[in-house]
Amino acid sequence: MRGNVFDIQRYSIHDGDGIRTVIFLKGCPLRCRWCSNPESQSSKPQLFYSQSRCIRCLSCVSASTNGEITASDQGPVIHWQKCGSEEAIKLAGVCPADALMIKGQKITVEEVMQVIRRDRMFYERSGGGVTLSGGEPLLQPEFAKHLLQACREEGIPTAVETTGYVPWENIARILPCTDLFLYDFKSPDSEIHRSWTGVDNKRILQNLKQLQTAGANIHVRTPVIPGMNDKPETLRKMAVILDQLGITARSLLPFHQYGSGKYRSCGIPYSMEDVQQLSEERMMELNQVFLAQKV
Ligand code: SF4
Ligand code: SF4
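Computed from a predicted structure; not experimentally measured.

Rules of the game
Residues numbered from 1 in each chain as written. Chains lettered and ligands numbered in written order. Predicted model: local features only at pLDDT ≥ 70, side-chain atom pairs only at ≥ 80, totals over all residues. Heavy atoms only, no water. Helix = DSSP H or I, 4+ residues; strand = E, 2+ residues; numbered from the N terminus. Rg over C-alpha atoms; globule rule 2.2 N^0.38 Å. Buried < 20%, exposed > 50% of the residue type's maximum accessible area, 1.4 Å probe, protein only. Contact = heavy atoms within 4.5 Å. Areas by Shrake-Rupley, 256 points an atom, 1.4 Å probe, with all protein chains shown as cover. Lys, Arg positive; Asp, Glu negative; His and termini not counted. Charge placed at Lys NZ, Arg CZ, Asp CG, Glu CD. Polar contact = N/O pair within 3.5 Å; in protein donor to acceptor, adjacent residues only side chain to side chain. Near = heavy atom within 4 Å. 1 Å grid on protein atoms, 1.4 Å probe; cavity = no way out; pocket = protein on both sides within 12 Å on 5 of 7 lines; lining within 4 Å. Sits in = over half its atoms within 2 Å of the grid points. Nonpolar A, V, L, I, M, F, W, Y, C, P; charged D, E, K, R; others polar. Points joined across faces, edges and corners; volume = space filled by probe spheres on them. Arc of directions from axis to C-beta. Salt bridge = Lys/Arg side-chain N within 4 Å of Asp/Glu carboxyl O. Domains from an automatic or database assignment. Buried area = accessible area lost by both parts, 1.4 Å probe. Pairing = 2+ DSSP bridges. Axes fitted to C-alpha atoms, helices over the stretch in contact; angles between N-to-C directions.

(A) Quick peek at the overall build of the protein. Each helix and strand in the protein was counted, giving eleven helices and twelve strands. The globule rule puts the C-alpha radius of gyration for 295 residues at 19 Å, and the 20 Å found for the protein is close to it. Along the longest, intermediate and shortest principal axes, the C-alpha atoms of the protein span 65 × 45 × 35 Å. For the protein, buried positions account for 50% of its 295 residues. For the protein, the proportion of contacts with a sequence separation of at least 24, taken over those separated by at least 6, is 69%. Counting only carbon and sulfur atoms, one obtains 49% of the accessible surface of the protein, whose full area is about 14000 Å². Averaging the coordinates of the 34 positive side-chain charges in the protein and doing the same for the 32 negative ones gives two points 2 Å apart.

This is the structure in structure tokens:
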């Protein structure tokens, strides 16, 4: 069983309890304007260029097959419109400095488990474990299930971060081997949700309800995005929906610009470059609204 993985991060403390290894699965049905992992969205392999690592050896120019990389005085120039997944795959291993990487590798459950096992001691001491993230990990339900089962068999706690925008069957398949769902809920208004993420929120809310009815352990996470959901009245509406569903575990995640450089690295336009982060005071005010229970 192989999965399409674009990154594995060890020692994460933001994606569930304790110290965790986060496995990032590639492919997402959403296109959030603020996405901090643009390389996660397409399920195809893609080139990722890190200018700070480049030693300007120009080996990639010689290996280029479609004119996708040319030379300049400043180093290589990538012509993204000519650089599809076929070209990206051909460039694998060419760069001696890891400045050119291919995001999206097919790897086996056992290969991932070999990385996961290295930090078993940290999971045990901190109450941590493994989190599947993405992209949307439940676009690969069979791989996710096998990986989560393998963790369970070795006594490693499991969490899944999901958009909820998948068929219910995909969620049901991993339900028995998932200790915690980190569930994204972005906007209470379906049309606003669509305009900021590319999809409406109906399936997301329906699956959230079904997951709660199934007795899953759910923690809802809401990214606070200026212009989309950063008004107290919007977050109050969301809190009421969660209260009605009986979901008390919830957090706000402040908008940030940490991923902005990644857009340049994978040649994807980024429309939120000039958007300011919210102040701590503002986040505290919004948290008070969002965390307050009404029913
Ligand atoms: S759901 Fe997450 S990974 Fe997918 S586009 Fe939105 S922010 Fe990016
Ligand atoms: S092969 Fe790597 S280090 Fe050399 S120019 Fe290309 S990106 Fe830079």
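(B) Geometry of the side chain of T21. With respect to the helices and strands, the residue T21 is situated in strand β2 (residues 20-25). Side chain to side chain, T21 and Y123 meet in a polar contact 2.6 Å long. The contact partners of T21, leaving out residues within four places of it in the chain, are I8, Q9, R10, I116, D119, Y123, G129, V130 and T131.

(C) Structural context of the site of ligand 1. As a structural note, the neighbourhood of ligand 1 is formed by C28, L30, C32, C35, S40, Q41, G135, T163 and K186. Applying the majority rule of atoms within 2 Å of the grid points places ligand 1 in the largest pocket. Taken together, the residues that form the shell around ligand 1 break down as four nonpolar, four polar and one charged.

(D) Here's a closer look at the layout of surface pockets. Of the volumes computed, that of the largest pocket is approximately 1200 Å³. Lining of the largest pocket is provided by 44 residues; of these, D15, S36, N37, E161 and H256 occupy positions nearest its centre. For the lining of the largest pocket, the secondary-structure elements that each account for two or more residues are β1 (2-12), β2, β9 (158-162), β10 (180-184), β11 (218-224) and β12 (250-254). Top contributing element to the lining of the largest pocket by residue count: β1, with four residues. A per-class count over the lining of the largest pocket returns 17 nonpolar, 17 polar and ten charged.

(E) Representation of the site of ligand 2 in the model. In the vicinity of ligand 2 there are 13 residues, among which C54, C57, L58, C60 and C95 approach most closely. Spatially, ligand 2 is embedded in the largest cavity. Across the shell around ligand 2, the residue classes tally to eleven nonpolar, one polar and one charged.

(F) View of helix α7 (residues 190-197). S190, H193, W196 and T197 are the residues of α7 that are buried. Across the axial projection of α7, the buried residues extend over an arc of 135°, all falling on one side. Those residues of α7 that are buried lie in contact with α8 (202-213). The opening residue of α7 is D189, an N-cap whose side-chain oxygen sits 2.9 Å from the backbone nitrogen of E191.

(G) Spatial organisation of the pattern of salt bridges. Taken as a whole and assessed by the stated rule, the structure comprises 16 salt bridges. In this structure, the salt-bridge partner of R173 is E142, at a minimum N-O distance of 2.7 Å. With a gap of 31 residues between them, R173 in helix α6 (residues 168-174) and E142 in helix α5 (residues 141-153) connect regions that are remote in the sequence. Residue classification places E142 among the partly exposed positions, given a relative accessible area of 27%.

(H) Examining the domain arrangement of the protein more closely. The domains assigned to the protein are domain 1 (2-43 + 105-291) and domain 2 (46-101). One C-alpha centre belongs to domain 1, the other to domain 2, and the line joining them spans 31 Å. Contact with domain 1, which involves nine residues of that partner, is made by six residues of domain 2. Approximately 570 Å² of surface area, both sides summed, lies buried where domain 1 meets domain 2, with 55% of it carried by carbon and sulfur atoms.

(I) Layout of the sheet that holds β9. Spatially, β7-β1-β2-β8-β9-β10-β11-β12 is the arrangement adopted by the eight strands of the open sheet, whose pairing is mixed. The sheet terminates laterally at β7 (105-108) and β12, the two strands that pair on one side only. On average, each strand axis in the sheet is tilted by 30° relative to the strand beside it, whichever way the strands run. Where β10 lies against β11, four bridges are found, and the strand directions are parallel. By the bridge assignment, F181 is partnered in β11 with I218. Packed on one face of the sheet, α5 meets β1, β2, β7, β8 (129-133) and β9 and runs near 155° to β9. Sitting on the sheet, α8 touches β10 and β11, and the angle it makes with β10 is about 155°.

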